[in-house]
Amino acid sequence: MTTPFGALTLVSAAAAALILLHHLVARPALTATVRLRLLLGLAVLPFITAVSSTAFGLHRTTERDFCGSCHVMTTHLRDLEDPTSQGLAARHARSPFTGPTACYTCHADYGLFGYPLTKLTGMAHVWNYYLGGYSGWSLERFHAEVRTAKPYPNANCRQCHSGTLASFSNVKEHVALTDELEQNRVSCASAGCHGVAHPFSKTAEELAGRRRR
Amino acid sequence: MRALVRLLARWPASKALRAACVLGLCALTLMALGVVFATPLPVVAAMSVAQGLGVVACLLFGLSIAADVASRRP
């Protein structure tokens, strides 16, 4: 679990904490040496700790077990880890390249501001979970009432599947729906196309493509 | 500038330094907890509340050192 950034966070935090505890207990006079020591304990080492813990946190928030640590996401995580699941997300999560960060890879928006906007959206999820009441919801209620805030962008699929090869353009449905796919009016991950990504969380109507939410 | 000098003259340097140490310890603890537990709330706290506390501790340290230096000037 602990990455090099995580280890650096713990080591620098422990070193700074020792300096600060010593100052609180010993209460030394403010000599030049003490000032330098406090500079280390209150500025230099905490700065290193803050940078490394932020790097650790930003990486950690891309891991799928992080997303699955909220109880309303446990079925999503279980489905991704199920080697027999035929859901679209589960099949993608088996890739050793994207698997460990499967949620982030598919749900992070593409583009210049994709990264910060995705992080802000993630903060909204944390807010909704702890302060919006989701933490008290049952899985059944969550699956029945919660859907993505906006239609899943096809551009995210095209980060890997460029849609420029013959294997894509030789499919007549792709050709017939070129404009709809470009304008996101038809989702790649929809019933009748490649199927919904997380089928266990959808109603029978949604799975049959009779209702689009 | 005069206001800053007046503030520094009355600044309780040793008390502020102790407060900075306590705030710094709180910030460091939150950052370490973010790594140890690595679940949403500790990670978010490490990247927000902890850094805010750390900045306040650093500012208190800077003001205290400035006040100490100012008080030693002839």
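Just so it is clear, the structure is predicted and the values come from calculations on it, not from any experiment. (Residues numbered from 1 in each chain as written. Chains lettered and ligands numbered in written order. Predicted model: local features only at pLDDT ≥ 70, side-chain atom pairs only at ≥ 80, totals over all residues. Heavy atoms only, no water.)

Q: Kindly report on the pattern of salt bridges, identifying the contributing residues and their values.
A: All names here are of chain A. Per the stated rule, a full pass over the model turns up 6 salt bridges over all chains. Between Arg60 and Glu63 there is a salt bridge, with its nearest N and O atoms 2.6 Å apart. The partner of Lys172 in a salt bridge is Glu173, and the shortest N-O contact between them spans 4.0 Å. Lys172 sits in the exposed class, given a relative accessible area of 64%. A relative accessible area of 45% places Glu173 in the partly exposed class. Among the charged side chains, a network of salt bridges with common partners joins Arg60, Glu63 and Asp65. (Salt bridge = Lys/Arg side-chain N within 4 Å of Asp/Glu carboxyl O. Buried < 20%, exposed > 50% of the residue type's maximum accessible area, 1.4 Å probe, protein only.)

Q: Explain the interface of chain A and chain B to me, and be specific about the residues and the numbers.
A: On the chain B side, the residues contacting the 34 residues of chain A number 29 residues. For the pairing of chain A and chain B, the buried interface totals around 2700 Å² over both sides, and the portion due to carbon and sulfur atoms is 81%. Contact with chain B buries surface across chain A, with Leu30, Arg35 and Leu42 of chain A losing the most and accounting together for 22% of the total. In this structure, the connection of chain A to chain B is made through 1 salt bridge. Linking Arg35 of chain A and Asp68 of chain B is a salt bridge whose minimum nitrogen-to-oxygen distance equals 2.8 Å. Connecting chain A to chain B are 3 residue pairs in polar contact (both at pLDDT 80 or more). Broken down by secondary-structure element, the contributors of at least two residues to the side of chain A that touches chain B are α1 (4-26), α2 (32-60) and α7 (114-130) of chain A. Examining the composition of the side of chain A that touches chain B, we find that 14 residues originate from one element, α2 of chain A, more than from any other. Split by residue class, the side of chain A that touches chain B holds 22 nonpolar, 9 polar and 3 charged. (Contact = heavy atoms within 4.5 Å. Buried area = accessible area lost by both parts, 1.4 Å probe. Polar contact = N/O pair within 3.5 Å; in protein donor to acceptor, adjacent residues only side chain to side chain. Helix = DSSP H or I, 4+ residues; strand = E, 2+ residues; numbered from the N terminus. Nonpolar A, V, L, I, M, F, W, Y, C, P; charged D, E, K, R; others polar.)

Q: Can you explain the packing of α7 of chain A against helix α3 (residues 40-47) of chain B? Please cite residues and give values.
A: Contact geometry of α7 of chain A with α3 of chain B gives a least axis separation of 11 Å together with a crossing angle of 125°. In terms of axis orientation, α7 of chain A runs oblique to α3 of chain B. Where α7 of chain A crosses over α3 of chain B, the two elements pack in a sense that is left-handed. Every residue of α3 of chain B that contacts α7 of chain A at Met123, Val126 and Tyr130 of chain A is listed here: Pro40, Leu41 and Val44 of chain B. (Axes fitted to C-alpha atoms, helices over the stretch in contact; angles between N-to-C directions. Parallel < 35°, antiparallel > 145°, perpendicular 65-115°, else oblique. Left-handed = near helix turned anticlockwise from the far one by under 90°.)

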